[in-house]
Amino acid sequence: MSSVGSVEVVGQVGILTIDNPPVNALGHAVRAALFDGLKTLIANAQVKGIVLTCADRTFFAGADISELGQPFREPGLNEVFDLLENREKPVVAAIFGTALGGGLETALACHRRIAVPSAKVGLPEVHLGVLPGAGGTQRLPRLVGVEAALDIITSGKSIAAKKALGLGLIDKLAEEGRLREDAIAYCEALIAENATAPLDRVRDRQDKVEAARGKPEIYAEFLKKNARAFRGFKAPFNIVKAVEAAAELDFDAGIKREWELFDELVQSTESAAQRYFFFAERSTTKVPDIGKDVKPLPINSVGVLGAGTMGGGITMNFLNAGIPVTLVETNQAALDRGIGVIRKNYENTAAKGRMTQEQVEQRMALITPSLSKGDLGEVDLIIEAVFEEMGLKKEIFGELDKIAKKGAILASNTSFLDLNEIASATSRPEDVIGLHFFSPANIMRLLEVVRGAETRPEVVATGMNLGKIIGKVPVLSGVCPGFIANRVMAVRGYAADQLVLEGPTPQAIDKALYDYGFAMGPFAMIDLVGLDVIGRGSNERTLYGDLVALDRLGQKKNGGFYDYDENRRATPSPVAAKVIADFAAFKGAQTRGDITDEEIVATTLYPVVNEAAKVLEEGIALRASDIDVACILGYNWPVYTGGPMFWADTVGLPKIVEGLKAMGMEPAKLLVEKAQSGGSFTR
Ligand code: 3HC
Ligand code: NAI
């Protein structure tokens, strides 16, 4: 046998075990080992049934993602499945950990499936912009029915073993820790059953798909119901077609159709972008000058200063991880309000059935409310989330320096301020770091970890390790105004503010960016946030200031760039149009002629690419893919375009350089260099 596979025989049962860490991905070597191992066991006359399982931490977690889209190497999974689906010897998949994608498809090609209760199964291919291409779209509906299959495959969600048993996706639960023994016993029972009549195979079953045959409305309704979630993605539409094929065609024709639909997806830019993002998200924690020998510090207790919008959300992250938080405010009313919001958030979750009341109380009990910073003397990490004012932040860090225990980490959640200046207010800048959460902080997955000029490696490693503890994706940033995501995305706003003075309406600009894939355009976004947040306090005349002067604050008062009805439905605003025209005249802005959506996208997003190139050039971001991860997770940049850097590569860097020049902008040095040398940011 090869190094990744081994066989043994126990009585009548042959056991084939694959060992390919870390997750037993079904790359070429594994497929070859499966093929050889099955042939060996099928040829062995003593063996009457087979148990297929894996070593280490999980059953196969899917195809090897890095092989997708690459030239194919035999044997393919379907050849392995032909062996699994043999008529003579029943095969049992013994599942633990996560049986995902091609891993679950392998299990579906076995005659039966047994799993421990802690196991999870699922078909997450949709997150990679593809569909289950090894029979998953044809076999799953035959086991669970068309409706459940559509839901499972288009959502990509993992299903716990118990639920999978209820759905008919697996056949039996093993006792936790006794998978091997239970799987052998199950296989022995099946050997006896098979001796009287050959076991059925999933591919032969029709009972669950018959009900859906000749009913195209099922798919039309499903697509309509999910129109919002599927917008911009390609894979969900091909998945629906493939599942329909499972109901309408015989198995072999269905497999052929599945393959065509898979192939179309795997060749698409959308899938390339999503696969890139899979690895990009996992590479953010690799910091070149911080090796594995630098150990993160333990975080067993946290202090949070400020129970406002951010402080509250930040606190929830730690409560969710079972870490106690001392929450400090300046006055009782603010403290009560902050804690009240946290409780309300949890109770809303409980009302939706996603948490029990007992869990709500357990989490709330982890908060120690306080009106004194003096209570933070023993915590391992203090996160400051007070108003965005340098004077206040320096005063607070000066006080914390005297209060915090030696070695405690002092973190700021500042959005734009200079972390080094904040650190200078302490006698221990090596313990100061930025932990920049995104709003709502309990939900958004991005955490920018800001490394100050003097931050020591252990403190950086601890910040990066917080991702694991509180379920965020940490991205390391150097110090600059706005750090990575805010800095590069602010440029989109400036470009839109300028463009709206040149003729295109707010709705035209918003529509172009919505169609590109953003959840909303910049003007709808400003109306939601409130124009007063940006419009007040400037000495110069600004467009926002002119709208605020008319008491147009956005959705919350009198409308902003749009008018709103009582259901918050937006309509174009003649008042805003006049304010824009007057301001454009005041600025002497040149009106441009008709502009296409593509030009709007270029005008607003090429500058983002340019700023991102500067962020990379200055060493603020470690790698281009970190910038993409920050924009996708912090600003909902559409993942199927891969983020600004990946997208720039698909557009072509010379085209972007030319576009920037035509707008009168100077392209970043790094961008020009790469454009001239035929280089790229992400390939
Ligand atoms: N292919 C290649 N590498 C993979 C992989 C896969 N399917 N799954 C995980 N890895 C790698 C990761 O990149 C990571 O590598 P690194 O250590 O060098 O960064 C390492 O394995 C460990 O992964 P995680 O850090 O994600 O480990 P976790 O324990 O947090 O999670 C997991 C484990 C739940 C299995 C998670 O890795 C995961 O969701 N993997 C992807 C599952 C998936 O999408 N499967 C479908 C693949 S496509 C397919 O099967 C097509 C088929 O239909 C033909
Ligand atoms: P906020 O106004 O909602 O909350 C600030 C809270 O700090 C208030 O409750 C206030 O009473 C309290 N506070 C003020 N001085 C204090 C002190 N000396 N001790 C203890 N508490 C004190 O502000 P928000 O939005 O939560 O912002 C906080 C910080 O987070 C700012 O630095 C901001 O730039 C940053 N940030 C904000 C984001 C957002 O979207 N709102 C996103 C990311 C960062």
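Residues numbered from 1 in each chain as written. Chains lettered and ligands numbered in written order. Predicted model: local features only at pLDDT ≥ 70, side-chain atom pairs only at ≥ 80, totals over all residues. Heavy atoms only, no water.

Asker: If you had to explain the environment of Glu67 to someone new, which residues and values would you point to?
Answerer: Following the sequence through the fold, Glu67 ends up in the loop between β3 (49–54) and α2 (77–84). You can call Glu67 partly exposed: its relative accessible area is 29%. Those residues in contact with Glu67 that lie beyond four places of it in its chain are Gly27, His28 and Arg31. Separated by 3.1 Å, the side chains of Glu67 and Arg31 make a polar contact. (Helix = DSSP H or I, 4+ residues; strand = E, 2+ residues; numbered from the N terminus. Buried < 20%, exposed > 50% of the residue type's maximum accessible area, 1.4 Å probe, protein only. Contact = heavy atoms within 4.5 Å. Polar contact = N/O pair within 3.5 Å; in protein donor to acceptor, adjacent residues only side chain to side chain.)

Asker: Please give an account of the nonpolar core that cites residues and values.
Answerer: Residues Ile95 and Leu169 are the most contacted members of the largest nonpolar core, which totals 87 residues. Per-element accounting of this core gives the leading share, 7 residues, to helix α7 (residues 179–196). If we ignore the near neighbours within four places in the chain, the residues touching Leu169 are Leu104, Leu108, Arg113, Val121, Leu140, Leu143, Val144, Ile152, Ile159 and Ala164. By size, the runner-up hydrophobic cluster in this structure holds 71 residues, among which are Val601, Val615, Ala624 and Val629. (Core = buried A, V, L, I, M, F, W, Y, C linked by side-chain atoms within 4.5 Å.)

Asker: Can you lay out the sheet that holds strand β9 (residues 172–173) for me, pointing to particular residues and giving the numbers?
Answerer: A sheet is described by the order of its strands in space; here 6 strands give the open sequence β1-β2-β3-β4-β6-β9, paired in mixed fashion. Lying at the two open borders of the sheet, with one neighbouring strand each, are β1 (5–10) and β9. Of the strand pairs in this sheet, strand β6 (residues 112–115) and β9 are connected by 2 bridges, and their pairing is parallel. Considered in β9, the bridge of Ile114 is made with Lys172. (Pairing = 2+ DSSP bridges.)

Asker: So, the sheet that holds strand β8 (residues 159–160): which residues are in play, and what are the values?
Answerer: Read across the sheet, 3 strands follow the order β5-β7-β8 without closing on themselves; strand pairing throughout is mixed. Both outer strands of the open sheet, β5 (98–100) and β8, are each paired with one neighbouring strand and no more. The pairing of strand β7 (residues 120–122) with β8 spans 2 bridges and is classified as antiparallel. Within β8, the position partnered with Val121 by the bridge is Ile159. Helix α3 (residues 102–109) rests against β5 and β7 of the sheet, and its axis sits at about 85° to β5. (Axes fitted to C-alpha atoms, helices over the stretch in contact; angles between N-to-C directions.)

Asker: How would you sum up unusual backbone geometry? Please name residues and give values.
Answerer: Geometrically, the link from Pro21 to Pro22 is a cis peptide bond, its omega value of 5° lying close to zero. Within the secondary structure layout, Pro22 lies in the loop between β2 (13–18) and α1 (28–43). At Asn24, a residue that is not glycine, the phi angle is positive and equals roughly 55°. Secondary-structure assignment places Asn24 in the loop between β2 and α1. With a phi angle near 60°, Arg568 is a residue other than glycine that sits in the positive phi range. Residue class for Arg568 comes out exposed when judged on its relative accessible area of 57%.

Asker: Describe a nonpolar patch on the surface, with residues and values.
Answerer: A cluster of nonpolar side chains, namely Met525, Leu528, Val529, Val533 and Ile534, defines an oily patch on the protein surface of about 420 Å² accessible area. Elements represented by at least two residues in the nonpolar patch include exactly α22 (522–529) and α23 (531–535). Residue contributions to the nonpolar patch peak at 3 residues, all from α22. Relative to the assigned elements, Leu528 resides in helix α22. (Patch = residues over 30% accessible without salt bridge, like charges linked within 9 Å, V, L, I, M, F, W, Y side chains within 5 Å. Areas by Shrake-Rupley, 256 points an atom, 1.4 Å probe, with all protein chains shown as cover. Salt bridge = Lys/Arg side-chain N within 4 Å of Asp/Glu carboxyl O.)

These results come straight from atomic positions and should not be treated as a statement about function.
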